[in-house]
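Architecture at a glance
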Amino acid sequence: PNEFAAELASACGARVSDMETQHWANISWAFGTLRTAHHSWFGALSDVLVQRGAPQGIPSRHLVNVLWSFARVGLWHGPLLENVANTTAAASDLSTWSAHDLSGTVWA
């Protein structure tokens, strides 16, 4: 099972820039649930998120699932978390974020 998950992580990581944010959330949640830190997935995803200026343009629910998965597998990506923290702190309106999304972001 670990070899299969590693192959999937590698294949997903290679296509991360072609994916929708829902795919990022789903794949990250799956690896988070498995508590498996596949760097081929999380590294590629981190790079794309930082390049795209996360959290800009990412639905809060998807972002929270991604952040949760990083925390769940014990990975820390400073530039990504800094972008999210600074942008969220500077936001004048978080009314589109649910209480669940806000609490999940704080937890992560």
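Residues numbered from 1 in each chain as written. Predicted model: local features only at pLDDT ≥ 70, side-chain atom pairs only at ≥ 80, totals over all residues. Heavy atoms only, no water.

**Digging into the side chain of Ser46**
Locating Ser46 in the fold gives a position in helix α3 (residues 39-51). Those residues within four positions of Ser46 in sequence are excluded, and the remaining contacts are Phe70 and His77. (Helix = DSSP H or I, 4+ residues; strand = E, 2+ residues; numbered from the N terminus. Contact = heavy atoms within 4.5 Å.)

**Some points on the pattern of salt bridges**
Scanning the model with the defined rule gives 1 salt bridge in all. When the shortest N-O distance is used, the salt bridge between Asp18 and Arg15 registers 3.8 Å. The same class applies to Asp18 as to Arg15, namely exposed. (Salt bridge = Lys/Arg side-chain N within 4 Å of Asp/Glu carboxyl O. Buried < 20%, exposed > 50% of the residue type's maximum accessible area, 1.4 Å probe, protein only.)

**Points about the confidence of the model for the protein**
Per-residue pLDDT for the protein has a mean of 87; in total, 97% of the residues score no lower than 70. Taking the mean pLDDT of every element in the protein, the minimum, 75, falls on helix α6 (residues 99-107) and the maximum, 95, on helix α2 (residues 21-34). (pLDDT = per-residue confidence, 0-100.)

**Examining the environment of Ala9**
On the secondary structure map, Ala9 appears in helix α1 (residues 2-14). Setting aside residues no more than four positions away along its own chain, Ala9 makes contact with Phe31, His38, Ser40 and Trp41.

**Some points on the packing of α1 against α3**
Direction vectors running N to C along α1 and α3 enclose 20 degrees, while the axes themselves pass 7 Å from each other. With respect to each other, α1 and α3 are oriented roughly parallel. The interaxial crossing formed by α1 with α3 has left-handed handedness. Of the residues in α3, those in contact with Ala6, Ala9, Ser10, Cys12 and Gly13 of α1 are Ser40, Trp41 and Ala44. (Axes fitted to C-alpha atoms, helices over the stretch in contact; angles between N-to-C directions. Parallel < 35°, antiparallel > 145°, perpendicular 65-115°, else oblique. Left-handed = near helix turned anticlockwise from the far one by under 90°.)

**Looking at the packing of aromatic side chains**
Per the stated rule, a full pass over the model turns up 2 aromatic pairs. Relative to Phe70, the ring of Phe42 lies with its centre 5.0 Å away and its plane at 75 degrees, an arrangement referred to as edge-to-face. Of this pair, Phe42 sits in helix α3 while Phe70 sits in helix α4 (residues 60-73); the two residues are 28 residues apart in sequence, bridging distant segments of the chain. Each member of the pair, Phe42 as well as Phe70, is classed as buried. Taken together through their ring pairs, the aromatic side chains of Phe31, Phe42 and Phe70 make up a single cluster. (Phe/Tyr/Trp six-rings, centres within 6.5 Å; stacked < 30°, edge-to-face > 60°.)

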